[in-house]
Amino acid sequence: MADVIQLLSDHLANQIAAGEVIQRPASAVKELLENAIDAGATDIQLVIKDAGKEWIQVIDNGKGMSVTDARMSFERHATSKIKNIEDLFRIRTMGFRGEALASIAAVAQVELKTRQKDNDTGTRIVIEATEVKLQETCATAEGTNIIIKNLFFNVPARRHFLKSNTTELRHVVDEFTRVTLAHPQIAFRMWHNGTEQFHLPAGNLKTRIVDLLGGSCEKNLVPVGEKTEFLNINGFIGKPSGATRTRGLQFFFINNRFIRNSYLNHALVAAYEGLIEKDSFPFYVLFLETDPARVDVNVHPTKQEVKFEDDKMMYAYLNAAVKHALARNNISPSLDFTLNKEITQLSAVTKPQESNAVTQVQRGYLANAFSQKNQAHFIDRNDGLKKWKDLYAIAQQPIPSNPKPETGFQTALHDKQQNQLSTGQGSLLVQGSLLITTVKSGLIVIHIRRAQERIWYERLLEQWNSGKTPSQQMLFPATYEFPPHDALLLEQLLPDLSRVGFDIVPFGNYTFVVQGVPTDLPAGEEKNVLDEVIDQIKHEAKDAVGQRSDKLLMQMARRLSINKHSIQQPETQQALIDELFACSQPEFSPTGKKIFTLLRKESLDEMLG
Ligand code: ADP
Ligand code: MG
């Protein structure tokens, strides 16, 4: 039998490996940005065309490469960043496997220009599918300027696999966001198809977050800062009130490297327990810093997943740090640092350990949170009392009675829908937010704002489907400037917005002119609606178009219903009830919250003994 084993050619090996490192334009963007950062650049520019499919260029002012290094950098396992196995455990630079440039060069046309500070001339190299086409001396700025053209031009299957430009651009922007968040001290700019998308001056984490995500997020930021020998935690979390229904801007960085970790996410979300609704997601940008030897970042080729030496400790520390931050900012009503039993009993927590580090930690704030088990101070004891008072206040007002034989809940609803019930004798407004009315089977308590949201939502949906949304031209068109990130999204949303009655024209430089608004929108509310819609879309995980327009409608319904006008009049109360029960889904708000509850007569009787 003939021998069948062959060595793969370098080119083929690179092509195969490329699939691991470079899956899409965004992965190339990430690698190039990280190389620029590792080269000590203070100013980095990213230029892409067609979502990076045609052109990805990164220009940095870093230390550049020598002639030999420039050539070497495209070899597989060529790296200046690790020399021995020990380095692997101490690694603090972004990339270190020496695979990125080799992988990129295997699947694209690459042009590199680079010059070191002390050299008068630089080097230019052109490579196509691993083959060096040209190497020459050239004049170029200090630093490195690399262009990746026609990604996957020689791997049609991969190229075919790429998503629409919108989706690929989204991935690029996601990578850009992560990288720029991790390096606020570096100035970044990004252009797409000739338009500048981001302009991020060097600053601190807060200015970076605001520059990236828009000024409206600033009031929502709560700083987190804990320093212990075991772990440092720094960054910002969102106030509970800013939590959103979709998982969105949630970033963990371990030793300045972006990671995904559902375990840590759980630790964080658990700290918000009782402060946010069950299915909403808090914002966070948190940097955890620990001895790199405790973290194995290299378990996954794209390096977003990590393993910790002691993840229960991580969990406990993070959870406590977030609670502390919320409490310190008077956001959480009680300082209840009771820790999970399992964690408090971990030997790492209970037993003083050999190293100095632990003694240090034990003096810190977080350690106290661990050792003083079951602390429950500052619990708001007035809470119960307040409820009784509320009840008393309600009881003092006359409740219209409408004694009729009780029927089941469905019947009540049915009766209501059939307009068989007389509610004309009045409903009762409770603190401007609840409306109580009688039905055959007892009392219905209606959450007014949710009811209004439902009513508006169905109205808007009908208009959307019929394509007949009343729009009103503004007497004085308003011009608004948006943060770059937002402007990009807004531009994509224009067709949807026009369908709900907005008439908005892009004006360049992230500026938009609002010429017309939906007829029912109260004057001056247009900017709020747009901000909220953008905010919502940002938090979306996918770009499912159907979901997106639904979000838009929900957001508008919310905005329109916030408008607290004249629910005082009995006629408007009645109109609200009638309209609600004329809805196709009167039970739940568009975001799935209960709109009303039925207090059955029997239960009321039972309560009263
Ligand atoms: P890695 O970053 O994992 O070392 P890469 O393939 O990304 O591997 O890069 C190979 C080498 O090329 C780097 O180790 C570095 O020495 C050099 N290099 C790449 N990009 C730059 C740059 N922008 N400026 C200076 N040197 C660079
Ligand atoms: Mg690299």
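Residues numbered from 1 in each chain as written. Chains lettered and ligands numbered in written order. Predicted model: local features only at pLDDT ≥ 70, side-chain atom pairs only at ≥ 80, totals over all residues. Heavy atoms only, no water.

A.B. asks: Even after reading the chapter, I still don't get the sheet that holds strand β20 (residues 503–506), so can you show me in this structure?
C.D. replies: Pairing between sheet strands relies on hydrogen bonds along the backbone, with the strands arranged either parallel or antiparallel. Pairing is antiparallel in the open sheet, where three strands are placed in the order β19-β21-β20. Either end of the sheet is taken by a strand with one partner, and the two such strands are β19 (471–481) and β20. Each adjacent strand pair in this sheet contributes to an overall mean axis angle of 15°, direction not counted. By the bridge criterion, four bridges tie β20 to strand β21 (residues 511–518) in an arrangement that is antiparallel. Bridge pairing in β21 links Val505 to Val513. Sitting on the sheet, helix α19 (residues 526–538) touches β19, β20 and β21, and the angle it makes with β19 is about 65°. (Pairing = 2+ DSSP bridges. Helix = DSSP H or I, 4+ residues; strand = E, 2+ residues; numbered from the N terminus. Axes fitted to C-alpha atoms, helices over the stretch in contact; angles between N-to-C directions. Contact = heavy atoms within 4.5 Å.)

A.B. asks: What is the right way to look at the packing of helix α17 (residues 448–466) against helix α21 (residues 570–582) in this model?
C.D. replies: The relative placement of two packed helices comes down to the angle between their axes together with the axis-to-axis distance. Here α17 crosses α21 at 55°, and the two axes come no closer than 9 Å. One element, α17, and the other, α21, form an angle in the oblique class. Here the hand of the crossing between α17 and α21 comes out left-handed. For the pair α17 and α21, the contacting residues are Ile448, Ala451, Gln452, Arg454, Ile455 and Arg459 in the first and Leu576, Glu579 and Leu580 in the second. Grouping the amino acids of the contact of α17 with α21 by side-chain chemistry returns five nonpolar, one polar and three charged. (Parallel < 35°, antiparallel > 145°, perpendicular 65-115°, else oblique. Left-handed = near helix turned anticlockwise from the far one by under 90°. Nonpolar A, V, L, I, M, F, W, Y, C, P; charged D, E, K, R; others polar.)

A.B. asks: Mind showing me how you'd approach empty space enclosed by the protein here?
C.D. replies: Think of a ball as big as a water molecule: rolled over the atoms, this probe shows where empty space is left. Going through the model one piece at a time under the given rule, you end up with two cavities of 30 Å³ or more. Here the second largest cavity defines a volume of roughly 50 Å³. Lining the second largest cavity, in full, are Trp456, Leu460, Gln463, Thr469, Pro470, Val500, Pro518, Thr519, Asp520, Leu521 and Leu560. Ranked by the residues each element gives to the lining of the second largest cavity, the list is headed by α17, at three residues. (1 Å grid on protein atoms, 1.4 Å probe; cavity = no way out; pocket = protein on both sides within 12 Å on 5 of 7 lines; lining within 4 Å. Points joined across faces, edges and corners; volume = space filled by probe spheres on them.)

A.B. asks: What exactly am I supposed to notice about the confidence of the model for the protein chain here?
C.D. replies: Detailed conclusions should not be drawn from predicted coordinates in areas where pLDDT is low. Per-residue pLDDT for the protein chain has a mean of 77; in total, 76% of the residues score no lower than 70. Low confidence marks residues 333–423, where pLDDT is under 50. Its contacts with residues over four positions away, or in another chain, come to 129 contacts. (pLDDT = per-residue confidence, 0-100.)

A.B. asks: Would you explain the nonpolar core in this entry?
C.D. replies: Side chains of nonpolar character tend, in soluble globular proteins, to be buried together. Formed by 63 residues in total, the largest nonpolar core has its most connected members in Leu46 and Ile209. Each of two domains, domain 1 (10–203) and domain 2 (211–328), supplies a minimum of three residues to this core. The contacts of Ile209, once residues within four sequence positions are left out, are Leu181, Gly214, Cys217, Leu221, Phe236, Phe283 and Val285. The next biggest cluster of nonpolar side chains, apart from the first, holds 33 residues, and it includes Phe482, Val533, Ile534 and Met556. (Core = buried A, V, L, I, M, F, W, Y, C linked by side-chain atoms within 4.5 Å. Buried < 20%, exposed > 50% of the residue type's maximum accessible area, 1.4 Å probe, protein only. Domains from an automatic or database assignment.)

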